[in-house]
Amino acid sequence: MSSILIIEDEQSIAELERDYLEINGYSVDIENSGDLGLQRALSTDYNLIILDLMLPKVDGFEICRRIRSEKDIPILMVSAKKEDIDKIRGLGLGADDYIIKPFSPGELVARVKAHLSRYERLSGRKESRNNEIRIRGLMMDKTARRVFVNDKEVAFTTKEFDLLFYLAMNPNRVFSKEQLFDQLWGMDAMGEIATVTVHIRKLREKVELDPSDPQYIETIWGAGYRFRI
């Protein structure tokens, strides 16, 4: 049974969400304050976290940042704030989804199921013996360092392959250029962060049917890039 933590300061909303999730077979805990929610999220192994944005003591942005720095599990951020800047910031900090209140409990349950299913599939891929990723017409083999687009092999440089594989292993998560640069070029890098933009452009030229309208590697304006599945 998958376990879910709801961090929500409005008790009536949290209980409604819990009831619908429990009806669908999930085990659910609730925390009403940001500090206790963060503590519980980091100390307990949950399969998914539903995180309100406006919380007492510690807000949802900081909680998301702290959880993501230590755990790789789905985080669904919920908020009554509709501004794009809040969505961008939440996704940029590692949230997997951003749901605007009010929403129907049925929608919440559907999104929870979708994210848990996707996470389980990807976790299985990560543990696969051959380190293969297959997403629509794209196939990557980490062991052989080969990439096929619609069954046709495409050549990649070392860094191009590493960047593509890293993004695909972390689907729907937004990475800033700085994060990608630190992760893939690191302290030994002699270039500049602008090299990330150049490599993203080259990846799109090789894997996208129309690089001007990418279906795999999306630009999230003001935040960075994410690999969409």
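Residues numbered from 1 in each chain as written. Predicted model: local features only at pLDDT ≥ 70, side-chain atom pairs only at ≥ 80, totals over all residues. Heavy atoms only, no water.

## A word on the packing of helix 2 (residues 34-43) against helix 3 (residues 60-70)
Short version of the rule: The angle between two axes is taken between their N-to-C directions and runs from 0 to 180 degrees, where each axis is a line fitted to C-alpha atoms and a helix contributes only its stretch in contact. Helix and strand labels come from DSSP, where a helix needs a run of H or I of at least four residues and a strand needs a run of E of at least two; each type is numbered from the N terminus. Roughly parallel covers angles under 35 degrees, roughly antiparallel covers those over 145, roughly perpendicular covers 65 to 115, and oblique covers all other angles. Here, residues are in contact when the closest pair of their heavy atoms is within 4.5 Å. Only Asp, Glu, Lys and Arg are considered charged, only Ala, Val, Leu, Ile, Met, Phe, Trp, Tyr, Cys and Pro nonpolar, and every remaining residue, Gly among them, polar.
Following both chains from N to C, one finds helix 2 and helix 3 inclined at 10°, their axes separated by 10 Å at the closest point. It follows that helix 2 is roughly parallel to helix 3 by the angle criterion. Mapping the contact onto sequence places Gly34, Leu38, Ala41 and Leu42 in helix 2 and Ile63, Arg66, Ile67 and Glu70 in helix 3. Across the contact of helix 2 with helix 3, the residue classes break down as five nonpolar, one polar and two charged.

## Overview of the sheet that holds strand 6 (residues 132-135)
Note the following rule: Two strands form a pair only when DSSP identifies at least two bridges running between them.
Here we have four strands laid out as an open sheet, ordered 6-7-8-9, and antiparallel in their pairing. In the strand order of this sheet, the two ends are held by strand 6 and strand 9 (152-154), each with one partner. Taken over all neighbouring pairs, the strand axes of this sheet differ in orientation by 20° on average, direction set aside. By the bridge criterion, three bridges tie strand 8 (residues 146-149) to strand 9 in an arrangement that is antiparallel. Counterpart to valine 149 in the pairing with strand 9 is lysine 152.

## Section: helix 4 (residues 84-92)
Stated precisely, the cut-off is as follows: Working definition: with a 1.4 Å probe on protein chains only, accessible area under 20% of the residue-type maximum means buried, over 50% means exposed, and in between means partly exposed. Think of the arc as the fan of directions from the helix axis to the C-beta atoms.
Among all positions in helix 4, only Asp86, Gly90 and Leu91 are buried. Along helix 4, the residues classed as buried sweep out an arc of 125° about the axis, all on the same side. For helix 4, the exposed residues lying more than 90 degrees away from the buried face are Asp84 and Ile85. Where helix 4 is buried, its residues contact helix 3, strand 4 (75-79), strand 5 (97-100) and strand 11 (224-227). Glycine 94 sits one or two residues past helix 4 and shows a positive phi near 115°.

## Some thoughts on the packing of aromatic side chains
For the record, the criterion: Two aromatic rings, drawn from Phe, Tyr or Trp (for Trp, its six-membered ring), form a pair once their centres lie within 6.5 Å of each other, and the interplanar angle then sorts them: stacked below 30 degrees, edge-to-face above 60, tilted otherwise. Throughout this description, the term charge over a ring refers to an Arg CZ or Lys NZ atom that lies within 6 Å of the ring centre and within 35 degrees of the ring normal.
The tally for this structure, following the rule as stated, stands at three aromatic pairs. With a centroid separation of 5.1 Å and 50° between ring planes, the pair formed by tyrosine 166 and phenylalanine 175 is classed as tilted. Summarising the burial analysis for this pair, tyrosine 166 and phenylalanine 175 share the class buried. Here lysine 206 stacks its cationic end above the ring of phenylalanine 156, 5.1 Å away from the centre of that ring.

## Quick notes on the side chain of lysine 101
For clarity, the cut-off: Throughout this description, a polar contact denotes any pair of N or O atoms lying within 3.5 Å of each other; where both atoms belong to protein, one of them has to be capable of donating a hydrogen while the other can accept it, and for residues adjacent in sequence the pair is counted only when both atoms sit in side chains.
Here lysine 101 lies in the loop between strand 5 and helix 5 (105-126). Within the local environment of lysine 101, its side chain forms a polar contact with the side chain of glutamate 8, the two groups lying 3.0 Å apart. Polar side-chain contacts of lysine 101 include one of 3.2 Å to the side chain of aspartate 52. Every residue in contact with lysine 101, bar those within four places of it in the chain, is listed here: Glu8, Glu10, Ile13, Asp52, Val78, Ser79 and Ala80.

## As for the pairing of strand 11
Along any regular strand, the residues point their side chains to alternate faces of the sheet. Inspection of the sheet shows strand 10 (residues 217-220) paired to strand 11 by four bridges, in the antiparallel sense. In the strand pairing of strand 11, threonine 219 is matched with tyrosine 225. The antiparallel hairpin formed by strand 10 and strand 11 contains three residues in its connecting segment, where glycine 222 sits at a positive phi of about 85°.

## Here we look at the sheet that holds strand 5
Spatially, five strands are ordered 2-1-3-4-5 in an open sheet, and the strand pairing comes out parallel. The sheet terminates laterally at strand 2 (27-31) and strand 5, the two strands that pair on one side only. Geometrically, the sheet is characterised by an average inter-axis angle of 20° between neighbouring strands, direction not taken into account. In this structure, strand 1 (residues 3-7) lies alongside strand 3 (residues 48-52), joined through four bridges in parallel fashion. Considered in strand 3, the bridge of isoleucine 4 is made with leucine 48. On top of the sheet, helix 3 reaches strand 1, strand 3 and strand 4; it is set at about 175° to strand 4, its chief contact.

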